[in-house]
Amino acid sequence: MPGTLAVVIPTYNEERNIARMARAIREAYPEFRILFMDDNSTDRSRELIEGLDDPLTKICVREREGRGLAASVMQGFALADTDYAVCMDCDFQHPIATLKDIYDQLEAGADLCVGARTSRMAMGLVRTSGSMAFELFCKIALRIHGKQTTKDLMSGLFGLRCDVFRPIIEKNWDDMELQGWKVLVDLLKHCDRRLDVRYAYYKFEARAEGESHLSNKVPIMTLHQLWGFGRFCSKVLCKVYRVDYYEMYPKERKHGD
Ligand SMILES: Nc1nc2c(ncn2[C@@H]2O[C@H](COP(=O)(O)OP(=O)(O)O)[C@@H](O)[C@H]2O)c(=O)[nH]1
Ligand SMILES: [Mg+2]
C-alpha cells in the first residue's frame, strides 16, 4: 500500500494565494490531503477554502492565544492522519513539483526529506546573507550539542515520517520555540536518534502575492532556540532592536529583572 501524505501549510492572511495554492496541489496530487493551519486570519482565507468544497482539503483556524508559525506547523503534523507530512509555505516560493520528490524519498525510507534550495537569492542579497549566517550559527550549536544537522536548515519546505516525529513533538511541546519560524531546528534539537535524512533540491522562487510576514522577532527567536549561548545572543539582539526580551519570554523573568 502506498503511504499517505498531508501537506501542512501555515497561513496568516494569505487570501491572495490560498485558494490558488489548494487548487494547484489538488490538480497535481489528487490523493494528497491538504491542511491549512491558519492563525486566525483577518481576511477571507477560511471562506475561500471552505468554498472549495474539497473533502481532502481542510483549514484549521487556530486560537488567537496560541498564535505562532512553528506551533501551527507542529499542531498540523499532530493532526495529520497520514503516514507522511510535508511543511510548505502558501506563497508559491516552494515549487509544487518538489512535493513529488519529497514523497518519493519518504516512500524510499527517509525519516526526513529536506527541500534544499539551489540558491536563496530570490530573498535578496541582505536576507540571503543573514539566512546563511544564522544557518551556520544553528549548525555549530547543534553539532556542539551532539545533534544531527542538515543542508538548508532554514528551509520551510520539508517532509517527514509522522510516526518518527509525532512522539518527539508531543514529548517536547513545552520546550519548542512555538512562536518561532525554524521548525527544522527544533525537530533536530529534540531528536535523539540518528535520522535517515535525504534531500529534494529545488529552485526557490519569489513570493507570488502579498508581503512577507518576517519581523525582527524571527532572528531573536531563532537564536533563542540555541541553548545558553544562543539565548545570550538573542538578549543582545533584543537590545539592538529595542525589543523587551522578557515580554517575549515572560517565564524566564527572574526576580529583579
Ligand atoms: N500559522 C501561521 N502562519 C504564518 C505566520 N506568519 C507567517 N505565516 C505563514 O508562513 C509562511 C511563510 O511566511 P512568509 O511571510 O512567506 O515568510 P518568508 O517566506 O520567510 O518571507 C506563509 O505561508 C505565511 O502565510 C503565523 O504567525 N502563523
Ligand atoms: Mg514566503
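The rules behind these values
- Residues numbered from 1 in each chain as written.
- Chains lettered and ligands numbered in written order.
- Predicted model: local features only at pLDDT ≥ 70, side-chain atom pairs only at ≥ 80, totals over all residues.
- Heavy atoms only, no water.
- Helix = DSSP H or I, 4+ residues; strand = E, 2+ residues; numbered from the N terminus.
- Rg over C-alpha atoms; globule rule 2.2 N^0.38 Å.
- Buried < 20%, exposed > 50% of the residue type's maximum accessible area, 1.4 Å probe, protein only.
- Areas by Shrake-Rupley, 256 points an atom, 1.4 Å probe, with all protein chains shown as cover.
- Lys, Arg positive; Asp, Glu negative; His and termini not counted.
- Charge placed at Lys NZ, Arg CZ, Asp CG, Glu CD.
- Near = heavy atom within 4 Å.
- Polar contact = N/O pair within 3.5 Å; in protein donor to acceptor, adjacent residues only side chain to side chain.
- Pairing = 2+ DSSP bridges.
- Axes fitted to C-alpha atoms, helices over the stretch in contact; angles between N-to-C directions.
- Contact = heavy atoms within 4.5 Å.
- Salt bridge = Lys/Arg side-chain N within 4 Å of Asp/Glu carboxyl O.
- Donors = N, O, S within 2.8 Å, 3.2 Å for Na, K, Ca; no water.

The subject of this paragraph is the overall build of the protein. Summing up its helical and strand segments, the protein has 10 helices and seven strands in all. The C-alpha atoms of the protein give 18 Å as radius of gyration, which agrees with the globular expectation for 257 residues (18 Å, within 12%). Along the longest, intermediate and shortest principal axes, the C-alpha atoms of the protein span 55 × 40 × 35 Å. Within the protein, the proportion of its 257 residues that are buried is 51%. When the accessible surface of the protein is summed, it comes to about 13,000 Å², and 52% of that surface belongs to carbon and sulfur atoms. In the protein, the 37 positive side-chain charges and the 38 negative ones have mean positions that sit 6 Å from each other.

With that settled, consider the site of ligand 1. Contacts to ligand 1 come from 19 residues, most closely from Glu14, Asp39, Arg127, Ser212 and His213. Tyr12 has a polar backbone atom sitting 3.1 Å from an oxygen atom of ligand 1. Separating an oxygen atom of ligand 1 from a side-chain N or O atom of Ser212 is a distance of 2.5 Å. Coverage of ligand 1 by the protein chains reaches 93% of its 570 Å² of free accessible surface.

Across the sheet, which stays open at both edges, the seven strands sit in the order β3-β2-β1-β4-β6-β5-β7 with mixed pairing between neighbours. Every interior strand has two partners, whereas the edge strands, β3 (57-61) and β7 (197-202), have only one. Recorded for the sheet is a direction-independent mean angle of 20° between the axes of neighbouring strands. Sheet topology places strand β1 (residues 5-11) next to strand β4 (residues 84-87); four bridges connect them, and they run parallel. Looking at the pairing, Val7 lines up with Val86 of β4. Contacts from helix α1 (residues 18-28) reach β1, β2 (33-38) and β3 within the one sheet, and its direction differs from that of β2 by about 160°.

A word on the side chain of His224. Within the secondary structure, His224 is located in helix α8 (residues 217-224). According to the relative accessible area criterion, His224 is buried, its value standing at 4%. Separated by 2.6 Å, the side chains of His224 and Glu252 make a polar contact. Those residues in contact with His224 that sit more than four places away from it in its chain are Glu177, Gly230, Arg231, Ser234, Tyr245, Tyr249 and Glu252.

This brings us to the environment of Arg143. Inspection of the secondary structure puts Arg143 in helix α5 (residues 125-144). Judged by relative accessible area, Arg143 falls into the exposed class, the value being 58%. Separated by 137 residues in the primary sequence, Arg143 and Ala6 have C-alpha atoms spaced 31 Å apart.

Before going further, it helps to spend a moment on the pattern of salt bridges. Under the criterion given, the structure shown has 18 salt bridges. Of the charged contacts in the structure, one is a salt bridge between Arg46 and Glu50, with a shortest N-O distance of 3.1 Å. Pair noted here: Arg46 and Glu50 are both in helix α2 (residues 45-50), with a separation of four residues, about one helical turn. The partly exposed category is assigned to Glu50, whose relative accessible area is 48%. Residues participating in the shared-partner salt-bridge network are Arg117, Arg120, Glu135, Lys139 and Asp152.

On to the coordination of the magnesium ion (ligand 2), then. Distances from the magnesium ion (ligand 2) to its protein donors, Asp91 (OD) and Gln93 (OE1), fall at 1.9 to 2.0 Å. We note that Asp91, like Gln93, is buried.

Geometric values such as these leave the question of function open.
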